[in-house]
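Working through the structure, step by step
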Amino acid sequence: MKLEGEYSFDANQEKVWELFTDPRILEKTLPGCERLEEKEPGKYDALLKIGIAAVKGTYTGKFEIADPEPSRRYRLLGEGSGSPGFVKGEALIELKGESGHTIVSYHGDIQVGGLIASVGQRMIGGIAKMMLSQFFKKMKKELKSQSK
């Protein structure tokens, strides 16, 4: 399943980059994230509790910030599994500064399998977009709290 979109932040590109690569911030803003541990620079172990329709579960996984070009872009690679199934994906995250604002765009592809896939691709796509929206809203809130 393909995912893409963009969000605007009222901050310069370097500040937004810091947020999107800070494990403490990511742990607070990723929907369902219970724990995020950096194992080595740019590589993380994660524990997430997520419910999709009637399918709820705990997922353990790994993700990596790969090929970083500081303040500009990186690839996000991730995979996780739990009793409801598995999720695996990759996305390109790009930041573009425009007069004090930063546009963050993402282009990615995720695959799901197991019980979670049985809820149907259309429903999973809508839920993924909802979770991305929650993540970006939390990032904007985090940015505002740091600006005070």
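Anyway, here's the lowdown on the structure attached to this text.

**Considerations on the side chain of Glu 142**
Turning to its location among the elements, Glu 142 is positioned in helix α3 (residues 121-147). The residues contacting Glu 142, other than those within four sequence positions of it, are Leu 19, Ile 25 and Lys 28.

**Some points on the pattern of salt bridges**
This structure, assessed with the given rule, holds twelve salt bridges. When the shortest N-O distance is used, the salt bridge between Arg 75 and Glu 90 registers 2.7 Å. With Arg 75 in strand β5 (residues 73-82) and Glu 90 in strand β6 (residues 85-98), this residue pair connects regions lying 15 residues apart in the sequence. Each of Arg 35, Glu 37, Lys 39, Asp 45 and Lys 62 takes part in a single network of salt bridges with overlapping partners.

**Describing empty space enclosed by the protein**
Within this structure, the stated rule accounts for one cavity of 30 Å³ or more. One number sums up the size of the largest cavity: a volume of about 1100 Å³. Leu 30, Leu 76, Val 87, Ile 110 and Leu 132 are, among the 40 residues lining the largest cavity, the residues nearest its centre. The set of elements that each furnish at least two residues to the lining of the largest cavity consists of β3 (43-52), β4 (55-69), β5, β6, β7 (101-113) and α3. It is α3 that provides the largest number of residues to the lining of the largest cavity, a total of seven residues.

**Things to note about helix α1 (residues 13-21)**
Within α1, the full set of buried residues consists of Gln 13, Val 16, Trp 17, Leu 19 and Phe 20. Taken down its axis, α1 places every buried residue within 160° of arc, on the same side.

**Quick notes on the packing of aromatic side chains**
By convention here, two paired aromatic rings are described through the distance between centres and the angle between planes. All chains considered together, the criterion is met by nine aromatic pairs. Aromatic pair Tyr 7 and Phe 136: ring centres 4.0 Å apart, planes at 15°, arrangement stacked. One end of the pair, Tyr 7, is in strand β1 (residues 2-9); the other, Phe 136, is in helix α3, and 129 residues separate them in sequence. Of the residues examined, Phe 136 reaches a relative accessible area of 3% and is grouped as buried. Summarising the aromatic geometry, the rings of Phe 9 and Phe 136 are spaced 6.2 Å apart at their centres and angled 50° between planes, so their arrangement reads as tilted. With Phe 9 in strand β1 and Phe 136 in helix α3, the pair connects residues that are 127 residues apart, well separated along the chain. Of the residues examined, Phe 9 reaches a relative accessible area of 1% and is grouped as buried. Taken together through their ring pairs, the aromatic side chains of Tyr 7, Phe 9, Phe 20, Tyr 106, Phe 135 and Phe 136 make up a single cluster. Over the aromatic face of Phe 9 sits the side chain of Lys 140, whose NZ or CZ is 5.8 Å from the ring centroid.

How each quantity is defined
- Residues numbered from 1 in each chain as written.
- Predicted model: local features only at pLDDT ≥ 70, side-chain atom pairs only at ≥ 80, totals over all residues.
- Heavy atoms only, no water.
- Helix = DSSP H or I, 4+ residues; strand = E, 2+ residues; numbered from the N terminus.
- Contact = heavy atoms within 4.5 Å.
- Salt bridge = Lys/Arg side-chain N within 4 Å of Asp/Glu carboxyl O.
- 1 Å grid on protein atoms, 1.4 Å probe; cavity = no way out; pocket = protein on both sides within 12 Å on 5 of 7 lines; lining within 4 Å.
- Points joined across faces, edges and corners; volume = space filled by probe spheres on them.
- Buried < 20%, exposed > 50% of the residue type's maximum accessible area, 1.4 Å probe, protein only.
- Arc of directions from axis to C-beta.
- Phe/Tyr/Trp six-rings, centres within 6.5 Å; stacked < 30°, edge-to-face > 60°.
- Lys NZ or Arg CZ within 6 Å of the ring centre and 35° of its normal.

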